[in-house]
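# Notes for the structure review
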Amino acid sequence: MSPERRYDALVVGAGPAGLAAATTLARAGRSVAVFDEQPTPGGQVHRAVAAVPESRRALLGPDYARGREAVEAFLASGAHHIGQASVWSAAPGRVGVTVGGVAHLVEGDAVVLATGAYERPFPIPGWTLPGVLSGGGAQTLLKASGLVPEGRTVIAGSGPLVWLLAWQYLRCGLTVDAILDSTPAGNRWRAAPHLAGFLASPYPVKGLELLRAVRRSVRVVRGVSALEAVGEDRVSALRYRVGAGAWVEMGVDTLLLHQGVVPAIELAASAGIRQRWDRDQLCWHPEVDAMGRTPLAGLYLAGDGTGIAGAEAAALSGELAAHAILGTSEGGRVSGLLAQRARWLRGRRFLDLLYQPAPAFRVPAGETLACRCEEVTARALGEAAALGVPGPNQLKAFLRCGMGPCQGRLCGLTVTEALAHHSGRTPAQVGRYRARVPVKPLPLAALAAMPATDDERRAVER
Amino acid sequence: MFRRLPDAPPATATILVDGRAVRAVPGESVAAALLANGIVACRTTPVSGAARGPYCLMGVCFECLATIDGEPNRQTCLVLVRDGLRIETQSGARGLGP
Amino acid sequence: MTARSFDLAVVGGGLVGAAVAWGAARTGARVVVLDEGDIAFRASRGNFALVWVQSKGMGMPEYAAWTVASSEAWAGFADELGRESGIDVAHRRPGGFHLALSDAELQARADNLKRLHNQPAMQRYPYEILDRERVRGMLPEIGPEVVGGSFCPLDGHTNSLKLLRALHTALARAGTPYLARHAVETILPRGGGGFRLLSSGGTIEAARVALCAGNGNARLAPMLGLSVPVRPQRGQIVVTERVQPFLHHPVVTVRQTDEGSVMLGDSLEETGFDTATGLGVTGTIANRAVRLFPRLARVNVVRTWAALRVMTPDGFPIYEESTSHPGAFVATCHSGVTLAANHARLVGPTIAAGRLPAETFAPFSARRFDVPQAA
Ligand SMILES: Cc1cc2nc3c(=O)[nH]c(=O)nc-3n(C[C@H](O)[C@H](O)[C@H](O)COP(=O)(O)OP(=O)(O)OC[C@H]3O[C@@H](n4cnc5c(N)ncnc54)[C@H](O)[C@@H]3O)c2cc1C
Ligand SMILES: Cc1cc2nc3c(=O)[nH]c(=O)nc-3n(C[C@H](O)[C@H](O)[C@H](O)COP(=O)(O)OP(=O)(O)OC[C@H]3O[C@@H](n4cnc5c(N)ncnc54)[C@H](O)[C@@H]3O)c2cc1C
Ligand code: FES
C-alpha cells in the first residue's frame, strides 16, 4: 500500500510501542500511518503474531501470543499500516520512506519514532561465517516461518533472549546441544543491590520458571570467557574456554550468538536528537522525556528505541507519546501509565547489570572483524587509534568501518568502545558515528525523484 | 541448516535459486526460504570474497544480499516469496542495474 | 607548567596541515600538529578527491601553473608517501571529463575553457572538447542526454581518505606528534622570537607556526598580523554501495573510487558554518547522475554528507609569511587534494626553512585582496 501525502500523525515502527501510539491516536480520531519494514505488524517481539498458525503461538508462549491483542486492536483502530516500508529520514513534520522501490515524502503534524532495538554486535573470530546467526535472527525464523535449526546447535552469549530462545526450541522438540553462557560471574554482585526493584517489578514471574526448565534439559557451560567460530565457507566447529582454562572444541552446524539488544537510534540521531551514553546498558540513549517528547517540537520517541525496557514498557511508552500528542492532561490515565512504566524500568536495572556482556566480547582483538561490511579488523582499529584519532568519525574516514550498507549498526558500538579502550577515555567522551540521512540505503533513482527548488538545482548544475 | 516445523504452511511456491527450482512457502522471506533449503550462504563479499549468509533476519545487517528478479543487492530477509521468483547468489560487488 | 617546545607547530590536521607537516618533518625539523576533535569542520574528510586541472586558473594564470605542477608531481608524491606509510592512496591520472547535458552547456564549457587559455601569461595545458560519440568511446555507460564534454589528460583522482590516513601514518612514523583535541585558542608571539600556542589540550611552544586550520584560519590569522579572509562554502555529496568497475575516468561530478563505490557531487552553497544535508540538493545530484549514467538508477545510496570548502574571495590559495611576526605562516586553499603534492614537496620544506621564496609564492599573498578596486 502506498502512503497518502499527509496524516495527522506518522509512526515509524509497528512494534508494541508504535502500535500502542497509533491505536491511541486513531481511537481519538486522528489519521495515522504506521510504517514498518516488516510486512506484518508486531515488531521484533511479536513478529508476524497475527499471521501465524494458532499452534505456533501456543509453542512460543504467552508473552508472544499476547501480542495478537495489540495487533488486532491496532488493525481495528483505523490507523493505516504500511508494511515493507523503509523509513530513511525523519524530521518534525515529515518522513522519507521507500515503498516498493519508490520514495515518498509523507507529511504529518506529529512524528513518532518507535524503531525499537536490534542486537548488540558480537564480534568474535568467525562470527561472519554462514551458519552463524544472531540469536534474535534465529528466533525470528522460528516466529515468522516456523524454521528451526537442524543438526548440532549451540546458543552462546548472555541475556534473557538466550534462555527464551532455548526454551522455545525445547517446546518445539528441538535438541539444543549446549548453551555457552558468557555472562561474567562478577555481574551477579554488581546486580545484587537492584534485586529488590527487580522482584517488585513484573519481570520475575516471566523469567525464573523458564530458566529452570532450560537448565533441566540443556547442557549449560557457564563462565565462558572466549569463543570462536571455525569453518571454511560455513561454520563447522566452535572453540571456547571457561575462565583461563584450556580451549574446548566442539563440532556445530548452527551457532547462534546473542548478547543483548540496543536501541535503534539512527533515525532519531539523524533528526538531530542528542544521544547520551548509558553506563548500565552500554549503549546510546536519545534525549527524550517520560512522555516521549524530544527537544524538537512535533518529534516523539517511544519504546526500546529510547532505552531497552521490554515489550510491556514499550507499549506503555507508545501510549504515553500518543497522550503527549493529544494533549491529554496529566493525572488520571497518564499518571497511571507513567507509574506502570516506572515499575518496569526499576526492574530493568537488575537485568541490565546481571547480563552486561564481558569486555572481551565487546572489544575484539587481533584479526577479528569489528566491521563486517568493510571487513575492518580489531587490529586495524588499534593501529588507527595509535595515530591519535580523536573519535569514531575520523576512524571511519581512515578505515571505512561503518561505511558499508549496514551503516555502522553492526560496528558502531564496537568502534566507540574499542576507541575508548585504546585511548583511556570513556565512550561518552569518544562519541559515536554521526548518523546522516538516508539511514537506510535507497536506490539512486528514488533519491533523484525528490522535489527541489530552483536554488537547490542551481547549487548543483554547472 | 534449518527445517520447518510441522505447523508451517505447505511450500507451494517454486522459486529458482541460481537456476535450480526449490520449494518455498508463499509470503515467507526469501532468506527463510534459502535457509529452509539448506542454502546458508548467499554471496561473497566485495572486500575479501568471503562467503556470507543471513545473520539478523530483521533488515539490519545487510548480510543476506542476493540478486532477485535481476536486481542485485536485495535484502532477502525483507523480500517475500512469490511463485516464480528468480534468485541469484552474488559474488563480490554488484554490477550496474539493468 | 613547562610547555613542550618544537621547531614548527602546524595548526590543523587536515590535508593541508598534514601535507605541510610531513614535508617539513622530512627536512629534519621537529614538528607538531595540533588539531580539533572528532566533530569539526574538516573538508579533508568530506571532499570529492579529484586531482583536477581542467578549468583551474581563470583570473590567475599562476594558479593554473601551480595546479599543473602539482598534477605532474602527484605520482611521485604518491609513491613516496606509499613507501613511508605503507598505504597506497590509489592515485590515477587517466584524464577526466566534464560532461554536458545540453548543447548550451557544452557551448558554455567550450567558451569558458577558451577564455581561460586565452589569458595572458597562461600556462596552456592540453584539453579537448569531445562530441557524444567520442565521449562514448571512453565512457560507454553515458546516457542519451549526454551531448559531449571536455576532456583533459592531466586530470586524475585519488582516495583522499587514504591520503589523509597515509599522511598521518607517515607523520607518526617520522616521530611527529599529532595532537587531536588541541583546538588552538590563542597564539602569543614571544618576546625573543617564537610562539606560544594556548590550546584546549595544553600549551605548546614553537619557533615557527604554520596556520593550516582551514576555515579556522580566519580567526587565528589576525593574532599573527595576517589577514586570511576565508569563508565556508558548503558542498553536499552522495555515495553509493560498491559496484563492479564501470567508470574508468573521473567525471567532475561522478567518479568511481578504487573501492568500487560511486561518488556523486557536489553542490556549491553559501550557507555559512552549516553542514546539514537536504533532499533538494542531494536529489538534484542524484538526478543529474542518473541522467549522465542511467544504469546507476537502481544502485543504492548508502550515505550523503556535506562538508565545508575553505574559500578565499577569488578561490585561489593563500601562502604567506607574516611581516609583523616573522616565522608565522599561513597555507590555505580550496583544492587541497590536488595541491597535496605541492604542499608536501614545496610548501612544507620552505616553511621549515623559514622562508617562502617570492618568485613562487608572491602571487598567493593575501595582500592581493587589499588592492583597491580600480575605479
Ligand atoms: C530480534 C529481536 C527479538 C526479540 N525478541 C524478544 C522476545 O521474544 N521477547 C521479548 O520480550 N523481547 C524481545 N526482544 C526485545 C524487543 O525488541 C522489545 O522489548 C520490544 O519489541 C520493543 O518494542 P518496540 O515497539 O520498542 O520495538 P520493536 O518491536 O523492535 O519494533 C520496532 C519496529 O520498527 C521497525 N523499524 C525500525 N526502523 C525502521 C525503519 N527505519 N523503517 C521502517 N521500519 C523500521 C522494525 O521493523 C520493527 O518492526 C527482541 C528484540 C530483537 C531485536
Ligand atoms: C564538497 C567538497 C568537495 C571537494 N572536492 C575536492 C576535490 O575534488 N579536489 C580537491 O583538490 N579538493 C577538493 N575539496 C577541497 C579540499 O577538501 C580542501 O581544500 C582541503 O581538504 C582543505 O584542507 P585543510 O586542511 O585546509 O582544511 P580542513 O580539512 O578543513 O582542515 C582544517 C583542520 O584544522 C582544524 N582546525 C580548525 N581550527 C583549529 C584550531 N583553532 N586549532 C586546531 N585545529 C583547528 C580543523 O579541525 C581541521 O582538522 C573539496 C571540498 C569539499 C568541501
Ligand atoms: S539478514 Fe540481516 S539484513 Fe537480512
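Summary of the structure given here.

Rules behind the numbers
- Residues numbered from 1 in each chain as written.
- Chains lettered and ligands numbered in written order.
- Predicted model: local features only at pLDDT ≥ 70, side-chain atom pairs only at ≥ 80, totals over all residues.
- Heavy atoms only, no water.
- Near = heavy atom within 4 Å.
- Polar contact = N/O pair within 3.5 Å; in protein donor to acceptor, adjacent residues only side chain to side chain.
- Areas by Shrake-Rupley, 256 points an atom, 1.4 Å probe, with all protein chains shown as cover.
- Helix = DSSP H or I, 4+ residues; strand = E, 2+ residues; numbered from the N terminus.
- Nonpolar A, V, L, I, M, F, W, Y, C, P; charged D, E, K, R; others polar.
- Domains from an automatic or database assignment.
- Pairing = 2+ DSSP bridges.
- Axes fitted to C-alpha atoms, helices over the stretch in contact; angles between N-to-C directions.
- Core = buried A, V, L, I, M, F, W, Y, C linked by side-chain atoms within 4.5 Å.
- Buried < 20%, exposed > 50% of the residue type's maximum accessible area, 1.4 Å probe, protein only.
- Contact = heavy atoms within 4.5 Å.

Residues and elements named next belong to chain C. In the vicinity of ligand 2 lie 40 residues, with D35, E36, R42, S44 and V184 positioned nearest. Between ligand 2 and V184, the relevant distance is 2.7 Å, taken from a nitrogen atom to a main-chain nitrogen or oxygen of the residue. T338 places a main-chain nitrogen or oxygen 2.8 Å from an oxygen atom of ligand 2. Within the complex, the protein chains bury 97% of what would otherwise be the 1000 Å² of accessible surface of ligand 2. Taken together, the elements giving at least two residues each to the shell around ligand 2 come down to α1 (15-25), α6 (217-220), β12 (231-242) and β15 (300-311). Taken together, the residues of the shell around ligand 2 break down into 19 nonpolar, 15 polar and six charged. Both domain 1 (5-50 + 161-229 + 314-369) and domain 3 (231-311) contribute no fewer than three residues apiece to the shell around ligand 2.

Let us look at the sheet that holds strand β13 (residues 224-231) of chain A. Strand pairing in a sheet relies on backbone hydrogen bonds, with the paired strands running either antiparallel or parallel. Residues and elements named next belong to chain A. Pairing within the open sheet is antiparallel, and its three strands lie in the order β13-β14-β15. Of all the strands in the sheet, the pair left with one neighbour each is β13 and β15 (248-251). Across the sheet, the mean angle separating the axes of adjacent strands is 20° when strand polarity is ignored.

Residue and element names in this part refer to chain A. In the vicinity of ligand 1 there are 31 residues, among which A17, D36, V87, Q139 and D304 approach most closely. Contact between ligand 1 and Q44: an oxygen atom at 3.0 Å from a main-chain N or O atom of the residue. Here D304 contributes a backbone N or O atom positioned 2.8 Å from an oxygen atom of ligand 1. Put simply, the parts of the chain that give the shell around ligand 1 at least two residues each are α1 (16-27), β4 (85-91), β7 (117-119), α5 (135-145), α6 (160-171) and α11 (311-326). Taken domain by domain, the makeup of the shell around ligand 1 includes at least three residues from each of domain 1 (6-118 + 262-329) and domain 2 (121-259).

Counting 114 residues, the largest nonpolar core has L180 and L257 of chain A together with W74, F77 and L163 of chain C as the members making the most contacts within it. The element that contributes the greatest number of residues to this core is α1 of chain C, accounting for nine residues. Discounting chain neighbours no more than four positions away, the residues touching L180 of chain A are V154, I155, A156, G157, V221, V224, L227, L238 and Y240 of chain A. The next biggest cluster of nonpolar side chains, apart from the first, holds 78 residues, and it includes L25, A313 and V334 of chain A together with L5 of chain B.

Next up on the list: the sheet that holds strand β5 (residues 51-52) of chain B. Residue and element names in this part refer to chain B. The strand order across the open sheet formed by three strands is β5-β4-β9, and the pairing between neighbours is mixed. In the strand order of this sheet, the two ends are held by β5 and β9 (90-91), each with one partner. Relative to β5, strand β4 (residues 43-44) runs antiparallel, the two sharing two bridges. Paired with T44 across the bridge in β5 is A51.

Further remarks concern the environment of A459 of chain A. Along the chain, A459 of chain A turns up in the segment after α19 (454-458). Owing to a relative accessible area of 10%, A459 of chain A belongs among the buried residues under this scheme. Considered as a pair, A459 of chain A and T377 of chain A are 82 residues apart in the sequence and their alpha carbons are 39 Å apart. Excluding residues that lie within four positions of it along the chain, A459 of chain A makes contacts with D266, S267, L268 and E269 of chain C.

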